[in-house]
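# Coordinate analysis (summary)
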Amino acid sequence: SSPDSDGCTPELEKAGLLNKTKIAEGGRKLRKNWGSSWVVLVGNSLVFYKDPKSQSPSSWKPGSSRPESSVDLRGAQLHWANELSSKKNVFKLRTVTGNEFLLQSETESLIREWYNTIKNVIDRLDRE
Ligand code: I3S
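So, here's what we can say about the structure. (Residues numbered from 1 in each chain as written. Predicted model: local features only at pLDDT ≥ 70, side-chain atom pairs only at ≥ 80, totals over all residues. Heavy atoms only, no water.)

### Focus on the environment of Leu102
Along the chain, Leu102 turns up in strand E8 (residues 100-104). A sequence separation of 68 residues divides Leu102 from Trp34, and the C-alpha atoms of the two residues are 8.8 Å apart. Residues in contact with Leu102, not counting those within four places in the same chain, are Asn19, Lys20, Thr21, Ile23, Lys32, Trp34, Ala81, Leu84, Val90, Phe91 and Lys92. (Helix = DSSP H or I, 4+ residues; strand = E, 2+ residues; numbered from the N terminus. Contact = heavy atoms within 4.5 Å.)

Printed below as a string of structure tokens:
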């Protein structure tokens, strides 16, 4: 049988490196602090890990490494936000709790894929 024949393990939708900064916490504006994050979209959550390149290779394992933070996508809002940064290819993700993140990649096709994939999850959750 397949590894997830009971359907209880959330589906891994996407993973990769993006530049990230949090710009608000609970609606309160924060100072930007851009950094590279390993971003994993799994189930209804976007999960952030330290950039594995900044760690010793052996210390990073997807199953054993502790996320830095995670975001519940239910009710979240997603917008292109090039006006919020001097960087190109930026979108903003806002959670229901008023946490706001900018995510960015130098590669346009890559950021478009992330935008579309996250948007699909948000839209699916909106319909539930
Ligand atoms: O939107 P801002 O405030 O101009 O964002 C820039 C600053 O946060 C800057 O940090 P300091 O003001 O602490 O030096 C960052 O280094 C920049 O990366 C921020 O702007 P971008 O345009 O990169 O999002």
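Having seen the structure, we can now continue with the description.
### A few points about the packing of aromatic side chains
If you walk through the whole model with that rule in mind, you get four aromatic pairs. Pairing Phe48 with Phe101 gives two aromatic rings, centres 5.4 Å apart and planes at 45°, and the pair type is tilted. Note that Phe48 is positioned in strand E4 (residues 45-50) and Phe101 in strand E8, a separation of 53 residues in sequence. For Phe48, a relative accessible area of 0% corresponds to the buried category. Its relative accessible area of 4% is what places Phe101 among the buried residues. A centroid spacing of 5.9 Å and a plane angle of 80° characterise the contact between Trp80 and Phe91, whose relative ring orientation is edge-to-face. Placement of the pair is Trp80 in strand E6 (residues 77-80) and Phe91 in strand E7 (residues 90-94), with a sequence separation of 11 residues. Its relative accessible area of 33% is what places Trp80 among the partly exposed residues. Taking the relative accessible area as the measure of exposure, Phe91 reaches 0% and is therefore buried. (Phe/Tyr/Trp six-rings, centres within 6.5 Å; stacked < 30°, edge-to-face > 60°. Buried < 20%, exposed > 50% of the residue type's maximum accessible area, 1.4 Å probe, protein only.)

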